[in-house]
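Results of the structural survey
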Amino acid sequence: MKIVFAGTPDFAAQAMRAIDQAGHEIVLALTQPDRRAGRGMHLHASPVKVFAQEHNIPVLQPATLKQDHVDLQKRTVAQEAYQYLSSIEFDAMVVVAYGLILPQDILGLASKNGRHGCFNIHASLLPRWRGAAPIQRAIESGDASTGISIMQMDAGLDTGDTVLVGDLKIAPQETSASLHDRLAALGAELMVKTLNALERGAVITRTPQSSDGITYAEKILKNEAEIDWQLSAVEIDRRIRAFNPFPGATSSLNGDLLKFWDSCLPNKGQTEQSLNPGQVLGFSEDGVYVQCGVGVIEILEMQKPGGKKTGASACLQTYRTQEKIMQFKKD
């Protein structure tokens, strides 16, 4: 199978690698333009671009694929990308966390002349968690399970028919980082199965999504990161794990903005409401007990400004000598 691959982050690069290793030929990689990052704000290529360059795969990086974009330069680049796609031979298009909307003309091109169309690896059990951040929202909402949907793309937002689905249990201490890695591996496996089936001419069952149970996973914003200690311990624990690695849950202590990377619920039976949420109640060997609006949470891993991630107890050692009562606060 000749494949056009569109994707950007590591989640996509893992699928790209699996498709390549399965013997399919990736004839073009579409990925987002290089971004500036880090202290030096240097340009960095996406993981998909890095893999493509290592394997001599042509790369296109349009800022948009909309040929009618109001910006002349972007419109020109989009038109050039469309013309290039029109000029090459391919059997199907695979889209994984690309980050750009595929307009109808691109979708139509991928289905033209007997091509199989566009397939997407989506990190949820559709129609639950359509949208940008399905992994984080599943953890934040306390879902017991999630999974991968291989979807035949249409013009809607994650509304296409599913062709293959696989589920995973969400572990009690799951973070978005750990769930990301498990889902990336599963998504790559299921995408390869789909392409292999198409290659051998097997009948692919396309199942329309249910109109019941539709939810949307809105993009994670940095302003969501600050912990509201008035919430219950259960809700705060979910958010800390959901926002690891991005954007990282935060709270202020003595004017310092600390990040919270891991937590657990030591007192699940404690449900009474507190009058002093955010107060540090005590220390475990590695962790810190903090009063929430309802219940107590144990913070396990934290990070000082400019410092490294460390056990919460060690992280707060300097603050323990400054005052007898430590109180986390929202800015």
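Small disclaimer: the values here were computed from a predicted structure and weren't measured.

What follows concerns the overall build of the chain. A count of helical and extended segments in the chain gives nine helices and 17 strands. Expressed as lengths along the three principal axes of its C-alpha atoms, the size of the chain is roughly 75 × 45 × 35 Å. Burial status across the chain gives 48% buried among its 331 residues. Residue pairs in contact within the chain that sit at least 24 positions apart in sequence constitute 66% of those at least 6 positions apart. Surface exposure of the chain reaches about 16100 Å², of which carbon and sulfur atoms provide 49%. Side-chain charges in the chain split into 33 positive and 37 negative, and the spacing between the mean points of these groups amounts to 3 Å.

Take the nonpolar core next. With 48 residues, the main nonpolar core has Phe-5, Phe-11, Met-16, Ile-19 and Ile-148 as its most contacted residues. Take this core: its biggest share by element is 11 residues, from helix α6 (residues 176-199). Beyond its immediate stretch of four places on either side in the chain, Phe-5 contacts Ala-12, Ala-15, Met-16, Ile-19, Ile-26, Leu-28, Ala-29, Leu-30, Val-48, Val-94 and Val-96. Residues Ala-233, Ile-236, Val-280 and Met-326 belong to the second largest nonpolar core, which totals 23 residues.

Within the secondary structure, Ser-149 sits in strand β9 (residues 145-152). Taking the relative accessible area as the measure of exposure, Ser-149 reaches 1% and is therefore buried. Remark: the alpha-carbon pair of Ser-149 and Asp-167, spanning 18 residues in sequence, is separated by 8.7 Å. If we ignore the near neighbours within four places in the chain, the residues touching Ser-149 are Asn-120, Ile-121, His-122, Ser-124, Leu-125, Leu-126, Thr-162, Leu-164 and Val-165. Among the polar contacts made by the side chain of Ser-149, one reaches the main-chain carbonyl oxygen of Ser-124 at a distance of 2.7 Å.

Moving on, we come to the pattern of salt bridges. Two side chains carrying opposite charge are able to pair once their charged atoms lie near each other. On inspection of all chains with the given rule, the structure shows nine salt bridges. For Glu-224, the salt bridge identified is with Arg-137, shortest N-O distance 2.9 Å. A residue pair is termed long-range when its members are at least 10 positions apart, and Glu-224 in the loop between β11 (216-217) and α7 (233-242) and Arg-137 in helix α5 (residues 134-140) qualify at 87 residues. Look at Arg-137 and you get buried, because its relative accessible area is 9%.

Here the focus is the pairing of strand β12 (residues 249-253). Judged by how many residues are buried, β12 sits mostly within the fold: five of five residues are covered. Examined bridge by bridge, β12 and strand β13 (residues 256-264) share five bridges and lie antiparallel to one another. When the sheet's bridge partners are listed, Ser-251 is paired in β13 with Leu-258. If you look at the hairpin formed by β12 and β13, you'll find two residues sitting between the two strands, and Asn-254 has a positive phi there, around 55°.

By the criterion of burial, strand β7 (residues 118-122) is predominantly enclosed, with five of the five residues buried. Side chains of β7 alternate between two faces, with Cys-118, Asn-120 and His-122 and Phe-119 and Ile-121 buried alike. In terms of strand pairing, strand β6 (residues 92-96) meets β7 through three bridges, oriented parallel. Its bridge partner lying in β7, Val-95 is registered against Asn-120. Note on the crossover from β6 through helix α4 (residues 104-110) to β7: the handedness is right-handed.

This brings us to the packing of aromatic side chains. The final tally for this structure, using the stated rule, is three aromatic pairs. With centroids separated by 5.6 Å and ring planes inclined at 20°, the aromatic side chains of Trp-229 and Phe-328 adopt a geometry described as stacked. Of this pair, Trp-229 sits in the loop between β11 and α7 while Phe-328 is found in the segment after α9 (317-320), placing the two residues 99 residues apart along the sequence. On the basis of relative accessible area, Trp-229 is assigned to the buried category, the value being 3%. Put simply, the rings of Trp-229, Phe-260 and Phe-328 pair up and form one aromatic cluster. The ring of Phe-90 has Arg-115 lying over it, and the distance from NZ or CZ to the ring centre is 4.0 Å. Taking NZ or CZ as reference, Lys-309 lies 4.1 Å from the ring centre of Trp-261, over its face.

Running from N to C, helix α1 (residues 10-21) and α6 cross one another at 35°; their axes reach a closest spacing of 9 Å. Our pair here, α1 against α6, has a crossing hand that is right-handed. Judged by residue contacts, Asp-10, Phe-11, Gln-14, Ala-15, Ala-18 and Ile-19 of α1 engage His-180, Leu-183, Ala-184, Ala-185, Ala-188, Met-191, Val-192 and Leu-195 from α6. Residues that form the contact of α1 with α6 fall into these classes: 11 nonpolar, two polar and one charged.

Before going further, it helps to spend a moment on the sheet that holds β9. If you walk across this open sheet you meet the seven strands as β5-β2-β1-β6-β7-β9-β10, and the pairing is mixed. Pairing within the sheet leaves two strands with one partner each, and these edge strands are β5 (59-60) and β10 (162-169). The sheet contacts of α1 involve β1 (2-7), β2 (25-30), β6, β7 and β9, and relative to β1 the element is tilted by about 170°.

Parameters and conventions
Residues numbered from 1 in each chain as written. Predicted model: local features only at pLDDT ≥ 70, side-chain atom pairs only at ≥ 80, totals over all residues. Heavy atoms only, no water. Helix = DSSP H or I, 4+ residues; strand = E, 2+ residues; numbered from the N terminus. Buried < 20%, exposed > 50% of the residue type's maximum accessible area, 1.4 Å probe, protein only. Contact = heavy atoms within 4.5 Å. Areas by Shrake-Rupley, 256 points an atom, 1.4 Å probe, with all protein chains shown as cover. Lys, Arg positive; Asp, Glu negative; His and termini not counted. Charge placed at Lys NZ, Arg CZ, Asp CG, Glu CD. Core = buried A, V, L, I, M, F, W, Y, C linked by side-chain atoms within 4.5 Å. Polar contact = N/O pair within 3.5 Å; in protein donor to acceptor, adjacent residues only side chain to side chain. Salt bridge = Lys/Arg side-chain N within 4 Å of Asp/Glu carboxyl O. Pairing = 2+ DSSP bridges. Right-handed = clockwise from strand over helix to strand, strands pointing away. Phe/Tyr/Trp six-rings, centres within 6.5 Å; stacked < 30°, edge-to-face > 60°. Lys NZ or Arg CZ within 6 Å of the ring centre and 35° of its normal. Axes fitted to C-alpha atoms, helices over the stretch in contact; angles between N-to-C directions. Left-handed = near helix turned anticlockwise from the far one by under 90°. Nonpolar A, V, L, I, M, F, W, Y, C, P; charged D, E, K, R; others polar.

Shape is all these values report; function is a separate question.
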